[in-house]
Amino acid sequence: LVRSQNAGWSPEQVKADIMNTAEQDLFTGDNHTGTKYAPGRVGAGRIDAKAALDNKVLAYVADDPGAVSASFGPVAVRTPTTLHKTINVVNKGGTSETYVVTYDALTQVPGAAYSVSPSSVAVAAGQTKTVTLTLTVTPSQLTKTIDPTVDREQAGLPREYLAEASGRVLFTPQD
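In this text, all values refer to a predicted model and were calculated from it rather than measured experimentally. (Residues numbered from 1 in each chain as written. Predicted model: local features only at pLDDT ≥ 70, side-chain atom pairs only at ≥ 80, totals over all residues. Heavy atoms only, no water.)

J.: Would you take a moment to explain the side chain of R168 for this structure?
T.: Tracing the sequence through the fold places R168 in strand β9 (residues 166-173). Dropping the residues within four chain positions of it, R168 is found in contact with D25, K36, Y37, P39, G43, A44, T102, Y103, D104 and L106. (Helix = DSSP H or I, 4+ residues; strand = E, 2+ residues; numbered from the N terminus. Contact = heavy atoms within 4.5 Å.)

What follows is the structure in structure tokens.
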């Protein structure tokens, strides 16, 4: 549907549109209660076809062609490290759009911190702006934590797990 309505969009842009407009977070409890599942466990969310068809502003990582998510993957560090990902914000619509940009942490690891810059982005019709996602890792503070949606045991045995700091970069319309 998205491709048929936007024939000039690349496969990456169609994927970004579908992922950017996905909704319906999953929670550990009934009726949206409990802990929210992180993207590493459930992906971008449930596809919302109408939202994808109505959307004209796309956000996707610039550093990894073909990808949408700004993932750093597994990071092994011995010294304090700062990594960056550039996110393209592309306005395919006919009017200027302004967004407040924030990072919503869903799983956290002491010693790993995310930030976004700038905190606001205005994108004129037909233009592209960039936002930088920064990961700062301080090895001396790293502590192995488990995703709060994962049980510590599986079939009565201790479970193996990786510590993962993850969340979402949110673009909230300013108006």
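J.: Honestly, unusual backbone geometry in this entry has me stumped. Any pointers?
T.: Only a minority of non-glycine residues have a phi that is not negative, and only a minority of peptide bonds are not trans. Here the residue pair S117 and P118 is connected by a cis peptide bond, since its omega of 0° sits within 30 degrees of zero. Positioned with a positive phi, N31 is a non-glycine residue whose angle comes to about 55°. Take N31: it is sitting in the loop between α2 (11-20) and α3 (39-42). Here the phi dihedral of H32 falls at roughly 60°; this positive angle occurs in a residue that is not glycine. Tracing the backbone shows H32 in the loop between α2 and α3.

J.: Teacher, can you tell me more about the confidence of the model for the protein here?
T.: Regions with low pLDDT carry predicted coordinates that are not meant to be interpreted in detail. Looking at the protein, pLDDT values average 91 and 100% of them are 70 or higher. Taken element by element, the predicted model of the protein shows its lowest mean pLDDT in α3 (74) and its highest in strand β5 (residues 120-123) (98). (pLDDT = per-residue confidence, 0-100.)

J.: I would appreciate a short explanation of the pattern of salt bridges in the present structure.
T.: Pairing between side chains of opposite charge can happen when their charged atoms approach one another. Taken as a whole and judged by the stated rule, the model has two salt bridges. Put simply, K85 and D64 hold a salt bridge, and the shortest N to O gap is 2.7 Å. In this pair, K85 is assigned in strand β2 (residues 81-91) and D64 in the loop between β1 (57-61) and β2, connecting sequence segments 21 residues apart. Given a relative accessible area of 11%, K85 falls into the buried group. Given a relative accessible area of 27%, D64 falls into the partly exposed group. (Salt bridge = Lys/Arg side-chain N within 4 Å of Asp/Glu carboxyl O. Buried < 20%, exposed > 50% of the residue type's maximum accessible area, 1.4 Å probe, protein only.)

J.: Please clarify how the packing of aromatic side chains should be interpreted in this entry.
T.: To describe a pair of aromatic rings, one takes the distance between the centres and the angle between the planes. Inspection of the entire model under this criterion finds three aromatic pairs. For the ring pair F72 and Y114, a centre distance of 6.1 Å and an interplane angle of 35° mean the geometry is tilted. With a gap of 42 residues between them, F72 in the loop between β1 and β2 and Y114 in strand β4 (residues 112-117) connect regions that are remote in the sequence. By relative accessible area, F72 is classed as buried at 18%. Arranged with centres 6.4 Å apart and planes meeting at 90°, the rings of Y99 and F171 form a pair that is edge-to-face. Taken together, the residues Y99 in strand β3 (residues 97-107) and F171 in strand β9 connect sequence positions 72 residues apart. Using a relative accessible area of 10% as the deciding quantity, one classes Y99 as buried. Here the aromatic cluster, defined as three or more aromatic residues joined through ring pairs, consists of F72, Y103 and Y114. In this structure, K85 packs its charged tip against the face of F72, placed 5.8 Å from the ring centre. (Phe/Tyr/Trp six-rings, centres within 6.5 Å; stacked < 30°, edge-to-face > 60°. Lys NZ or Arg CZ within 6 Å of the ring centre and 35° of its normal.)

J.: Where do I start with the environment of P39 in this structure?
T.: Looking at where P39 falls in the secondary structure, it is placed in helix α3. We classify P39 as partly exposed; its relative accessible area is 23%. Spatially, the C-alpha atoms of P39 and S166 are 7.2 Å apart, while their sequence positions differ by 127 residues. Leave out the neighbours within four places in its chain, and P39 touches L106, S166, G167 and R168.

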